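Take a look at the letters that make up each chain.
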Amino acid sequence: MTPKYQRILLKLSGEALMGDDAFGINRPTIERIVGEIKEVANMGVAIGIVIGGGNIFRGVSSSAAGMDRATADYMGMLATVINSLALQDALAKAGLVPRVQSAINIEPVVEPYIRGKTMRYLEEGKVVVFAAGTGNPFFTTDTAAALRGREMEADIVLKATKVDGVYTADPKTDPTATRYHTLTFDEAIIKNLKVMDATALALCRDQKLPIKVFSIFKTGALKRVVIGEDEGTLVYV
């Protein structure tokens, strides 16, 4: 089975790792997600991953109320490092070869982000996990996904969510909501569809880097996206 996309950037939210737990990392959930990733890696697809930290701490969350925004965002970056280490461990136990690169310098824990090393790791078949967002406050991990996706020359950014695509309304509250199969970037921005934050959307649009929104909780969805089946919502120029 020939994949449609040879190099992908997978954006995982920190909440995706919680499973049914209220916070933190649910081990069976992360192992299931890694199983989906391994299936795609075994097809020869080069994989980079950006992971959020919302299961531990988010700079714009209620727990950060009253805190200096830059300080809160740095705390959120450190939360993504924790998630990246957990993901690295699960990937290694599944038989893959992961490398974590951090946008903030914490070399005793993980290596710093260096694009040349990233490209070499991808060529060697390693899975690269990008931690600490962009390394700057006021930017989300969505923007980090767009940035790293372009830097690693990905064919597409795959945003894994709890919902199987972008809908006309919230499908949990509106039974008439329908899924968009495709959207242009301009449509997504004008309609304020919350595909990604505006900075990430604009960067992907300007760089002509498509985004596919899909559910990481649907078994086999990641593979179906990679081989080009009608799964989720494609956002393109």
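Throughout what follows, the structure given in this document is the object of discussion. In this text the structure is predicted, and so the values were computed from the model without any measurement. (Residues numbered from 1 in each chain as written. Predicted model: local features only at pLDDT ≥ 70, side-chain atom pairs only at ≥ 80, totals over all residues. Heavy atoms only, no water.)

**Considerations on the packing of aromatic side chains**
We count it as follows: Ring geometry is summarised as follows: Phe, Tyr and Trp rings, the Trp one being its six-membered ring, pair when their centres sit within 6.5 Å, and such pairs are stacked at plane angles under 30 degrees, edge-to-face over 60 and tilted between the two. We count a stretch as a helix when DSSP gives it H or I for four or more residues in a row; a strand needs E for two or more, and each element gets its number in order from the N terminus. We call a residue buried when its accessible area falls under 20% of the maximum for its residue type, exposed when it is over 50%, and partly exposed in between, using a 1.4 Å probe and counting protein chains only.
Enumeration according to the criterion identifies one aromatic pair in this entry. Seen in terms of ring centroids, Tyr113 and Phe130 are 5.8 Å apart; in terms of plane orientation they differ by 70 degrees. Their pairing is edge-to-face. Of this pair, Tyr113 sits in the loop between strand S4 (111–112) and helix H3 (115–123) while Phe130 sits in strand S5 (residues 127–131), and the two are 17 residues apart along the sequence. Residue classification places Phe130 among the buried positions, given a relative accessible area of 2%.

**Section: the sheet that holds strand S2 (residues 46–51)**
In plain terms, the rule: When DSSP finds at least two bridges between two strands, those strands are taken to pair. What makes two residues a contact is simply this: any of their non-hydrogen atoms within 4.5 Å. Simply put, an axis is a line fit to the C-alpha atoms, just over the touching stretch for a helix, and the angle between two N-to-C directions goes from 0 to 180 degrees.
Here we have nine strands laid out as an open sheet, ordered S4-S3-S5-S2-S1-S6-S10-S11-S9, and mixed in their pairing. Each edge of the open sheet carries a strand with a single partner, namely S4 and strand S9 (182–184). Where strand S10 (residues 211–215) meets strand S11 (residues 233–236), three bridges bridge the pair, whose relative direction is antiparallel. Opposite Val213, over in S11, you have Thr233 as the bridge partner. Packing against the sheet, helix H4 (residues 141–151) makes contact with strand S1 (7–12), S2, S5 and strand S6 (156–161), and its axis sits at approximately 170 degrees to S1.

**Considerations on unusual backbone geometry**
Phi angles above zero are rare outside glycine, and Asn192 is one such case at about 55 degrees. Along the chain, Asn192 turns up in the loop between helix H5 (185–190) and helix H6 (198–206). The phi angle at Lys208 is positive, at roughly 55 degrees, despite the residue not being glycine. Counting through the fold element by element, Lys208 comes out in the loop between H6 and S10.

**Details of the packing of helix H1 (residues 27–41) against helix H2 (residues 69–93)**
Here is the rule: We call two directions roughly parallel when the angle between them is under 35 degrees, roughly antiparallel when it is over 145, roughly perpendicular when it lies between 65 and 115, and oblique otherwise. Here a crossing is called left-handed whenever its near helix is offset anticlockwise from the far helix by less than a right angle, and right-handed whenever the offset is clockwise.
At a closest axis distance of 9 Å, the pairing of H1 and H2 adopts a crossing angle of 60 degrees. Here H2 runs oblique to H1, going by the angle between their axes. Between H1 and H2 lies a crossing whose hand is right-handed. Taken together, the residues of H2 that come into contact with H1 (itself represented by Arg27, Ile30, Val34 and Ile37) are Ala86, Leu87, Asp89, Ala90, Leu91 and Lys93.

**Remarks on the layout of surface pockets**
Here is the rule we go by: A pocket, in this scheme, is an open set of points on a 1 Å grid over the protein atoms alone with protein on both sides within 12 Å along at least 5 of 7 lines, while a cavity is a set where a 1.4 Å probe fits but cannot get out; residues line either one if an atom lies within 4 Å of a point. Grid points are joined across faces, edges and corners, and a volume is the space filled by probe spheres set on the points. Polar here means any residue outside two lists: the nonpolar Ala, Val, Leu, Ile, Met, Phe, Trp, Tyr, Cys and Pro, and the charged Asp, Glu, Lys and Arg; Gly therefore counts as polar.
Here the largest pocket defines a volume of roughly 980 Å³. If you go around the largest pocket, you meet 41 residues; those closest to its centre are Lys11, Ser13, Arg58, Asp142 and Lys159. Every element with two or more residues in the lining of the largest pocket is listed here: H2, H4, S6 and strand S7 (166–167). If you tally residues by element for the lining of the largest pocket, the top one is H2, at five residues. Looking at the lining of the largest pocket residue by residue, the classes come out as 14 nonpolar, 16 polar and 11 charged.

**Here we look at the environment of Arg99**
Relative to the helices and strands, Arg99 is located in strand S3 (residues 98–102). Since its relative accessible area comes to 28%, Arg99 is described here as partly exposed. Sequence separation of Arg99 and Ile190 is 91 residues, and the distance between their C-alpha atoms is 38 Å. Here Arg99 is in contact with Gln88, Glu111, Tyr121, Lys126, Val127, Val128 and Val129, once residues within four sequence places are set aside.

**Concerning the pairing of S5**
Among the five residues that make up S5, five are buried, leaving the element largely enclosed by the rest of the structure. By the alternation rule, side chains of S5 split into Val127, Val129 and Ala131 and Val128 and Phe130, which are all buried. As paired elements, S2 and S5 share three bridges and run parallel to each other. Considered in S5, the bridge of Gly48 is made with Val128.

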